[in-house]
Each structure stands twice: as structure tokens, then as C-alpha cells.
2 protein chains.
Amino acid sequence: MPQVVARRLQGLITRGEWKPGQQIPSQRVLSEQLEVSRASLREALQTLETLGLIRSEPGRGTFVTYGQEVDRGPELRWRYADSFSLLDVFQTRIMLESQIAASAALVAEGEAVEALVAATDEMQRGWEAGDLVANVEADLLFHRIVVGQCGNRMLQVLYDNVAGLLTETQRQPIPRTRTERMAESLAEHRALIAAFRARDPEAARAAMAAHIRNTALSAGVGLAP
Amino acid sequence: MPQVVARRLQGLITRGEWKPGQQIPSQRVLSEQLEVSRASLREALQTLETLGLIRSEPGRGTFVTYGQEVDRGPELRWRYADSFSLLDVFQTRIMLESQIAASAALVAEGEAVEALVAATDEMQRGWEAGDLVANVEADLLFHRIVVGQCGNRMLQVLYDNVAGLLTETQRQPIPRTRTERMAESLAEHRALIAAFRARDPEAARAAMAAHIRNTALSAGVGLAP
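About the thresholds
- Residues numbered from 1 in each chain as written.
- Chains lettered and ligands numbered in written order.
- Predicted model: local features only at pLDDT ≥ 70, side-chain atom pairs only at ≥ 80, totals over all residues.
- Heavy atoms only, no water.
- Helix = DSSP H or I, 4+ residues; strand = E, 2+ residues; numbered from the N terminus.
- Rg over C-alpha atoms; globule rule 2.2 N^0.38 Å.
- Contact = heavy atoms within 4.5 Å.
- Areas by Shrake-Rupley, 256 points an atom, 1.4 Å probe, with all protein chains shown as cover.
- Axes fitted to C-alpha atoms, helices over the stretch in contact; angles between N-to-C directions.
- Parallel < 35°, antiparallel > 145°, perpendicular 65-115°, else oblique.
- Left-handed = near helix turned anticlockwise from the far one by under 90°.
- Buried < 20%, exposed > 50% of the residue type's maximum accessible area, 1.4 Å probe, protein only.
- Pairing = 2+ DSSP bridges.
- Polar contact = N/O pair within 3.5 Å; in protein donor to acceptor, adjacent residues only side chain to side chain.
- Salt bridge = Lys/Arg side-chain N within 4 Å of Asp/Glu carboxyl O.
- Least-squares fit on C-alpha atoms with pLDDT ≥ 70 in both.
- Expected span 1.5 Å × (residues − 1).
- Core = buried A, V, L, I, M, F, W, Y, C linked by side-chain atoms within 4.5 Å.
- Nonpolar A, V, L, I, M, F, W, Y, C, P; charged D, E, K, R; others polar.
- Buried area = accessible area lost by both parts, 1.4 Å probe.
- Domains from an automatic or database assignment.

1. As for the overall build of chain A
And then number 1: A count of helices and strands for chain A gives 10 helices and two strands.
And then number 2: Written out in order from the N terminus, the α and β elements of chain A read α-α-α-β-β-α-α-α-α-α-α-α.
And then number 3: Expected size for 225 residues packed as a compact globule is a radius of gyration near 17 Å; at 18 Å, chain A falls within 12% of this value.
And then number 4: In terms of its C-alpha atoms, chain A occupies a principal-axis envelope of roughly 50 × 35 × 30 Å.
And then number 5: Sequence separation of 24 or more characterises 73% of the internal contacts of chain A that already satisfy a separation of 6 or more.
And then number 6: Just so you have it, chain A exposes about 9,900 Å², and 51% of that area is on carbon and sulfur atoms.

2. Here we look at the packing of helix α1 (residues 4-14) of chain B against helix α3 (residues 38-50) of chain B
For any two helices packed against each other, one specifies the inter-axial angle together with the distance between the axes.
All names here are of chain B.
And then number 1: Closest axis-to-axis distance for the α1/α3 pair is 8 Å, and the angle between their directions is 55°. Comparing their axes, α3 and α1 come out oblique. α3 is crossed by α1, and the crossing has right-handed handedness. Together, V5, A6, L9, Q10 and I13 of α1 and S40, L41, A44, L45, T47 and L48 of α3 make up the contact between the two elements.

3. Section: the pairing of strand β2 (residues 61-64) of chain B
Residue and element names in this part refer to chain B.
And then number 1: On β2, burial covers both faces: G61 and F63 on one face and T62 and V64 on the other are all buried.
And then number 2: Across four bridges, the pairing between strand β1 (residues 54-57) and β2 is antiparallel. Counterpart to E57 in the pairing with β2 is G61.
And then number 3: Where β1 folds back onto β2 in an antiparallel hairpin, the turn is made up of three residues, including G59, whose phi is positive at roughly 85°.

4. As for the environment of R181 of chain B
All names here are of chain B.
And then number 1: With respect to the helices and strands, R181 occurs in helix α9 (residues 181-197).
And then number 2: Taking the C-alpha atoms as reference, R181 lies 21 Å from T92; in sequence the two are 89 residues apart.
And then number 3: There is a polar contact of 2.8 Å between the side chain of R181 and the side chain of E188.

5. Structural notes on the pattern of salt bridges
And then number 1: Tallied over the full model, the rule gives 22 salt bridges over all chains.
And then number 2: Where E122 of chain B meets R125 of chain B, a salt bridge forms, and the shortest distance between an N and an O atom there is 3.1 Å. Here E122 of chain B pairs with R125 of chain B, and both are found in helix α5 (residues 110-128), just three residues apart, close to one helical turn.
And then number 3: On the accessibility criterion, E122 of chain B (28% relative accessible area) is partly exposed.
And then number 4: Through salt bridges with shared partners, a single ionic network connects R55, E57 and R60 of chain A.

6. A look at the relation of the copies chain B and chain A
And then number 1: Superposition record for chain B on chain A: RMSD 0.0 Å, screw rotation 180°, translation along axis 0.0 Å. On this basis, the relationship between the two copies can be described by a two-fold rotation axis.

7. Some remarks on the environment of G21 of chain A
Residue and element names in this part refer to chain A.
And then number 1: When you line up the elements, G21 lands in the loop between α1 (4-14) and α2 (27-34).
And then number 2: Judged by its relative accessible area of 33%, G21 is partly exposed.
And then number 3: Filtering out sequence-adjacent residues up to four positions away, G21 remains in contact with F63, V64 and Q68.

8. Things to note about α1 of chain B
And then number 1: Along α1 of chain B, the positions that sit buried rather than exposed are V5, A6, L9, Q10, G11, L12 and I13 of chain B.
And then number 2: A positive backbone phi angle near 85° is found at G16 of chain B, which sits one or two residues after α1 of chain B.

9. Observations concerning helix α3 (residues 38-50) of chain A
All names here are of chain A.
And then number 1: The end-to-end C-alpha distance of α3, which contains 13 residues, comes to 18 Å, matching closely the 18 Å that a straight helix rising 1.5 Å per residue would cover.
And then number 2: Turning to α3, the residues buried within the fold contact α1, α2, β1 (54-57), α6 (132-149) and α7 (153-168).
And then number 3: The positive-phi residue at the C-terminal boundary of α3 is G52, with phi of around 85°.

10. Some details on the nonpolar core
And then number 1: Of all hydrophobic cores here, the largest spans 84 residues; its most connected members are L96, L192 and F196 of chain A together with L96, L192 and F196 of chain B.
And then number 2: Apart from the residues lying within four places of it in its own chain, the contact partners of L192 of chain A are A101, F142, V146, A204, A207 and M208 of chain A.

11. So, the packing of α6 of chain A against α7 of chain A
Residues and elements named next belong to chain A.
And then number 1: Where α6 meets α7, the closest approach of the two axes is 11 Å, and the angle between their N-to-C directions is 170°. Relative to α7, α6 is oriented roughly antiparallel. Here L140, H143, V147, G148 and Q149 of α6 lie close against α7, whose contacting residues are Q156, Y159 and T167.
And then number 2: Its residues assigned to classes, the contact of α6 with α7 shows three nonpolar, five polar and no charged.

12. Points about the interface of chain B and chain A
And then number 1: Across the contact, 20 residues belong to chain B and 20 residues belong to chain A.
And then number 2: Interface area for chain B against chain A, summed over the two sides, is near 1,800 Å², with a carbon-plus-sulfur share of 71%.
And then number 3: It is M95, M154 and L158 of chain B in chain B that bury the most area against chain A; as a group they hold 35% of the surface buried on that side.
And then number 4: Here chain B is connected to chain A by zero salt bridges.
And then number 5: Summed over the shared surface of chain B and chain A, the result is six residue pairs in polar contact (both at pLDDT 80 or more).
And then number 6: In terms of residues, the side of chain B that touches chain A owes the most to one element, helix α7 (residues 153-168) of chain B, which gives nine residues.

13. Concerning the domain arrangement of chain A
A common way to report how large an interface is uses the accessible area buried once the components associate.
Residue and element names in this part refer to chain A.
And then number 1: Parsing chain A into structural domains produces domain 1 (4-69) and domain 2 (75-218).
And then number 2: Spacing between the C-alpha centres of domain 1 and domain 2 amounts to 26 Å.
And then number 3: Across the boundary between the two partners, domain 1 contributes 17 residues, which contact 14 residues of domain 2.
And then number 4: When the two sides are added together, the surface that domain 1 and domain 2 hide from each other amounts to roughly 1,300 Å², 50% of it contributed by carbon and sulfur.
And then number 5: Summed over the three residues of domain 1 that lose the most area to domain 2, namely R7, T50 and L51, the buried surface amounts to 46% of that side.
And then number 6: At the boundary of domain 1 and domain 2, one finds one salt bridge.
And then number 7: Here R7 makes a salt bridge to D131, at a shortest N to O gap of 2.4 Å.
And then number 8: The interface formed by domain 1 and domain 2 holds four residue pairs in polar contact (both at pLDDT 80 or more) in total.

Here you go:
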């Protein structure tokens, strides 16, 4: 579990040990206190920042934003803004994951479909329990399962080449900025599962495209239908 | 020009210095005779083989097939058969290049459009002169110009990641197996140019999809519309 550290830090915040607006300890101090590597800690802090629980301010430090009003657009937190726009990456996600979903719908086995159901259930459970890290991890798992079912090996390789960037768009602080989005997102996952059960590639393509388009919209990115 | 060596060898074949069915000299002998590196020679021989001018038979040698009847399906010559099927790669090409064409149509400048016209003219000229190497090089150039015009940097990176595989599908021995295909292919290039001039992304997407789908069909690969 790569996100064990992120969940521990999330616990400090949601239990109120770290208060809204408070500056958190330095990475050096934290990695010693928690007995984790600097690399794991950095990854965990990035996850929490993209989820909108903390905010790093260059030259000042990192502060708890959970429990505070959200005052900035999510696009401002896009980690790769120097190399790729959020619009470009969402456009790529729609293209690639829609084609992958269509391909996967033709071959997905019952076991894989049940794994998609379990991931969506876990995504919902994490959300209801206020466990944003578990919520987003289950979301990422869902999309990885879909890719794993794709019969076109070349599309899988293409996805793996840019998976870091694509999955980053799933960690946008949507839960904090538009909470009603979560119910829609879960319903979209279940629509894709239904298309897989029906072995309907075009329904799967449309469900995945709608899901990512709506996700993009919540992140402030409008994409042509 | 990476294809200088391929064009020299092509000349030996089309001028009849190497006869149909004849075994060609070993790579060691050839690289000395032509004073080119083994790497350049190997690349040139692969180009000629995918164009259907020669055929390497493991354990026997390499033979001139130009001027002989075509007796094998083009899919048998697919160089990457061990890793990816031709179907998978064409499906990826349609997905990626159609999206790239739509994106490029929105931004392509007049100069780039003129470069597309020049590449298509050169493709036609190479075909009419029996210069298959020049023909396919101009075809590759055309597609590279389209990618270069794409406004989505992420799609460009994705394309570059797999460009070797994608462009390999453009070197199938189509000219030898279905010669009437060349006129269609040129017309499809010009349809894409017209969509660029009209700055019509959906027309560009459709033109590129049709072009690659028809190319696939000539290589024996049927793809759903």
C-alpha cells in the first residue's frame, strides 16, 4: 500500500491533531517522527495537497487547508502545469480511456467485473467515512482494472507510458470543491460496469467518455462532446 | 536523409542489377561495397523488406522479390508480430492520429498546410517514378507534419513514444499488393488538407480516421467504423 503514509497524515488532519490553517512540521522533522522515508513522505504530502487537505506555499511552508473555505480554483494546484495543461491531459484521458473501455468491454471476465464493483463500493465507503485517500485510491484502482482488461496490448503500453499524468487528474480536489460530484461519479462507474456486463463496447466507450468529461468539468475544464 | 542507402539499394533492384529471385550479398559484403555502416544497411534492408522489394528467409538468405508475383499476405511481414498485432497498432493509430488531426485543424498555419501539399505531391511523384522509398518517406513526412501541428502537447508526446510502431504500419507492402490503393490514399491526404484549410476539426478527424481505416483494410486488417 503506497498510501499508508498519506492515510496516517490524513488521520492527523481529520482527527484535528493538525488544525485548519496550521503550519505542519518540516519534511525532515516529519520523516523522523513518523519513521518513514523522505520519498514516501513527499509522495504522501503531494497526494494530500492534490486532495485539497494541505497547501504548500513556496518559501513559507505547508499549511492545513482542510476545514477552511476553498478559495482557489482546482486548476491552480495542477502539479504538471509547466509541461502539460490540464485540458490537454483530460483530452488525452478521454481519448485513451474511452478506447480502452470499448476494447475491455468485449473481453472482460466476470471476476474482473466483480473487482470493478468492489472498487466502486470501496470508493463510496471511503467517501462516506471521510477517508479521501481511500476514496481516491479505490478510484485509481477501478481505472487500473479497466486498463488491465483491455485486449489491445498497445493501448495498455500507451496508457502505462503516461499513467502518472493521467491518474493525477483523478486526484484533483473535487471532493472539496463540488461535493455533489461524488454521487454522480459513483453512478458513472456503475454505468460502465453495466456496459461491461452487457459486453457492449459502444456503451462502455460512451460511459467512460461521459465520466471523464464530467470529471474534467468539475476540475474547471470544459471539453467538446 | 536516413533513406539514402535504401534508395541506392532500390536502384540496384529497379534497374535490374539485382534480378528477381536472386539472393543478395551478405550484410558484411554489402556494407563494405557500399561503404555504409552495418546499422544504416540493416535499416535500409528492413525498409525494402516492408516495401516488399526483398524478402529475408531465416537461415537461407535475403532474396529479391520485386518483379515476382506477390504470394503472401502483407500481415506475414509485420515486423513486431511478437509484441503487438497489426490490428492493435492500427486501432491505436486511428485513435491517436484522428484526435491529433482534429486538434491540428484548429491551429494549423498556412505554411504547414503548404508543407502538407508538398509532401503529398512528392508522395505522388515518387509513386509515378517507381521510387517506393521516396513515396513512403513523403507519406511519413506528411503524418509527421500533422503531428507537429497538434496543439495538444501531451498527444504529441504519446505519439512520439510509439512513433516507430505507428509509422511501421505505413511501410506495409501495399503498393505491391493493391496498387489501386495509392490513388485513394493520395485523395485521402488531399481531403485532410481541405479540412485543415477549412479549419474544421470534425472533418479532419473523419478524414484521418477514414484514411487509416482504408490503409488498414489494404493491409488485411478490418476495423469497426
